[in-house]
Every structure is written in C-alpha cells, then in structure tokens.
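Now for the letters of each chain:
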Amino acid sequence: MTSISAPPLGQAPARFDLLCKIAQGYAMPPFWILAPQQIISLLVIVFILMSASPCTAADSQTALHPSADATAAHLLYELVEDGSPTEALRIPVAEWYPRNGKPEGMVLAIHGLALHGGRYSLLGRFAASTGYYLAAPDLRGFGKCRFDKTGKYSTGEDRRNKINYDKSAEDVALLATWMKRKYPDLPLTILGESLGATMALKVAAAHPDLVSGIVLSSPAAKVNALMYVYPENVAQTVAGLIRPSSNVKLNAFMQKLVSFNPQVGAALLKDPLVAKELTVGELLVSDSFVHKTINYARQIKEGTPVLILAASKDHCVKPEAVTKITENIKSANQTIRWLDHHDHLLLESEFIRTATVDSLLDWSEDLSPERKQELAKMHQLLMDLGDRAAD
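These numbers come from a predicted model, not from an experiment.

Colleague: I keep staring at the pairing of strand 4 (residues 105-110) and nothing clicks. Help me out?
Modeller: In summary, the side chains of a regular strand alternate between the two faces of the sheet. The element strand 4 is extensively covered by neighbouring structure, given that 6 of its 6 residues are classed as buried. The side-chain alternation of strand 4 yields two buried faces, one formed by Gly105, Val107 and Ala109 and the other by Met106, Leu108 and Ile110. Direction of pairing for strand 4 relative to strand 5 (residues 132-137): parallel, over a ladder of 4 bridges. Note on strand 5: the bridge partner recorded for Leu108 is Ala135. Considered for its hand, the β-α-β crossover made up of strand 4, helix 5 (residues 121-129) and strand 5 is right-handed. Pairing analysis gives 5 bridges linking strand 4 to strand 6 (residues 188-193), with the strands arranged parallel. In the sheet register, Leu108 faces strand 6, and the bridge partner there is Ile190.

Colleague: What is the right way to read the packing of helix 8 (residues 195-206) against helix 12 (residues 280-290) from this model?
Modeller: Think of two packed helices as two axes; the pair is described by the angle between the axes and how far apart they sit. It is the contact of helix 8 with helix 12, at a shortest axis distance of 9 Å, that shows an interaxial angle of 55°. The pairing of helix 8 with helix 12 is recorded here as oblique in orientation. In the crossing of helix 8 with helix 12, the sense of the turn from one axis to the other is left-handed. Between helix 8 and helix 12, the contacting residues are Leu195, Thr198, Met199 and Lys202 on the first element and Ser286, Phe289 and Val290 on the second. Looking at the contact of helix 8 with helix 12 residue by residue, the classes come out as 4 nonpolar, 2 polar and 1 charged.

Colleague: I tried to follow unusual backbone geometry on my own but got confused; where do I start?
Modeller: Among all residues save glycine, negative phi is the norm, and among peptide bonds the norm is trans. Of note in this structure, Ser218 is not a glycine but carries a positive phi near 45°. Its identity is not glycine, yet His341 carries a phi of approximately 60°, on the positive side. Examined against the element boundaries, His341 turns out to sit in the loop between strand 11 (334-339) and helix 15 (354-366). When its relative accessible area of 41% is taken as the criterion, His341 is described as partly exposed.

Rules behind the numbers
Residues numbered from 1 in each chain as written. Predicted model: local features only at pLDDT ≥ 70, side-chain atom pairs only at ≥ 80, totals over all residues. Heavy atoms only, no water. Buried < 20%, exposed > 50% of the residue type's maximum accessible area, 1.4 Å probe, protein only. Helix = DSSP H or I, 4+ residues; strand = E, 2+ residues; numbered from the N terminus. Pairing = 2+ DSSP bridges. Right-handed = clockwise from strand over helix to strand, strands pointing away. Axes fitted to C-alpha atoms, helices over the stretch in contact; angles between N-to-C directions. Parallel < 35°, antiparallel > 145°, perpendicular 65-115°, else oblique. Left-handed = near helix turned anticlockwise from the far one by under 90°. Contact = heavy atoms within 4.5 Å. Nonpolar A, V, L, I, M, F, W, Y, C, P; charged D, E, K, R; others polar.

Purely geometric stuff here, so don't read any function into it on its own.
Right, here's the structure in full:
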C-alpha cells in the first residue's frame, strides 16, 4: 500500500487556480473465411485507439497544466494505492481522500480502453481537494492487472491479466459495495470515460441500489468512420485480418491521430501501465462490448441523475451519436454538456480544461439537498400557478 499526502489546505482558491496547482506532482482464422460482421468488427479496430488514447483540444493554452507556484497551493488530499479495497477484493485501486474530515460524496471512476485507474490522477486530486472521495480501479486486462507478474491480483484460475468485461463489471460492483459499506450515508456517483462509460452503464443498470448518479464522458456509442481510412489504421487492420492473433501497436495512434496535443500522447507512451498494443482478439471483444452501450442505457433506473459530457471535436466517436444514449435512458433527469473545441479524452489527462470541471461541479451542486429542496419549491410554485406541465 502506498500513501501520499499533501499539506493542509488553507483558503480554497478558485476552481481554475486550484486545478492548475493540483496538476503539479503528477507524474483467429484468415479474413477470407470470416463472416461479414466479423470483418466489419475488425475494421472497427479503430475504436481501440479512440478509447485507448486521449484526444485533447488543440488550444492547449486554456488547458489546465502544472503551474510554477504549485507548491504553494496548500492542497488537501491523500492518495492511497492498493489499500484496503485491494486487500479485501484483490482489485488494483487508486484512491484519493480529502485530507481533513469525512468526504461529502463518492465517485467511482472507470477508465477507457488500454488505460488504467491512475489516469484519473488530476481529477482525483481535484475531487479530494474539494471534499470528495474518488476511487479508480484497473479493469481486467488493463493497468496493473495486465502487467501483474506475481499473481497479486488473481486467485487460482481467476486471472485478471486477461480482458473480461463481464467479470470486470462484477469487480466494479464489488468495489461499489465496499465503498457504500465504508460510507453508507454518502451518495455514490459512477463515472466512466469512453469504453469506461459503457462499463458505468452496465454496473449502474445491474445495481441501481448502489448508484446515486451517473457521469458519462465521451461515451462510445458509435465510431467515427474517419478512423477507418487513416493510413496506419488500414495497414494494421489488414495485418489483423490475415493474422488475428497479431498485436496492433497503439503508439502511432496516440502520437498522430487521437490527440491534437503532442504532450498528451507523450504522457501515455511514457506511462508504464498504459497498454501500447492489443491483440486483434482483444479489440474484437472490446468492440463487441461497446456495441452494448445502448442496451445498458435502456436498463438504467428511471429517475437516475445522468450527466453526459460530449466534445465537439471528438474524432474518435461521433458526438451526435450521444443523442441515441439519451433517447434510451428512461430518466428525465439528464444533463448534456457539449464542450466546444474539446476532444475525446476529457478527464483521464493532466490537461483537464476548466469548462469540463465547471460542468462536473455545476451538476454535482444541482444534486445537493439544498438545490433539490429549491427545485421542489419551484415545482410546487409552478403547480400552484396552474402549470399543467409540472404535474
């Protein structure tokens, strides 16, 4: 278990300044006998890249990155790696706690394809510094699970180094249960980015009693066809059709395709827990999982608060496909934030932008007891004034 503490927070700075300062310190058969649907799925290999690699905005000047005076931020958070939940559940988990006192809410954050829970480091530090407890596990086949050489995260024949989304969903549900037992009176928001959004919907649909709210960041509902024709994508796709067991290297995608900011791709390539290649089989399984996003959306409990973050310049998934998700979620309590001049990876980066943070905080404030009471009074006033739509 690793614990990292920050000095106490004196006076809370503005959202932008706080997040900027927190940033400091981050360190198969041949294709000719495949069925048409299988060939199509193989072509959608691009999806891998969209969730395995971040897309940040070209305008990095407005991105939140480490500032020179970060050491004077007087932050209030504590990072624990592989602590109590890992000991209890054998799941790699990174946790960020508020340094002083009990948190006011909980967030369970699920990473995208090829990434790991630690990619939420900046978001975790910011959440904890503003009073929230955030936990981010590594899904099976990714992060510490993928590179585990000692069997620390496996039991018997239950090996977590292989991708298995159904069992990963069980792991996430167990972690959510553990969190609720630790803080039974606190609301738990499940958050997922890209492929992680599909997992968030799957777990929330199966365990509505555990989840008080859902955040879907760049949810993967449909792949942008632009990714099919990118030269390096085509070459690797053809190689995978001929030899499905071959690996698809993700380096070029991280550097050239999915991020306008070269610093983002460089950070991913330097991260030892980010998968730099995946097999065609792993990509097919992942593509099949993402295609279930709409089905999981239909199963969300009616009335569940949902926030969807979508980027106008997301070249990995089509932003307009997000409307399909909203149409299939029964809850009328939905908020969609279209972030102009933003790209695919909004939260798993050292370059989170202020508009994204404002979207999260504004939504969370709307869920506060005080805000709910205020909205209830407004609703009652509308009915008293004869508004039939409020009935």
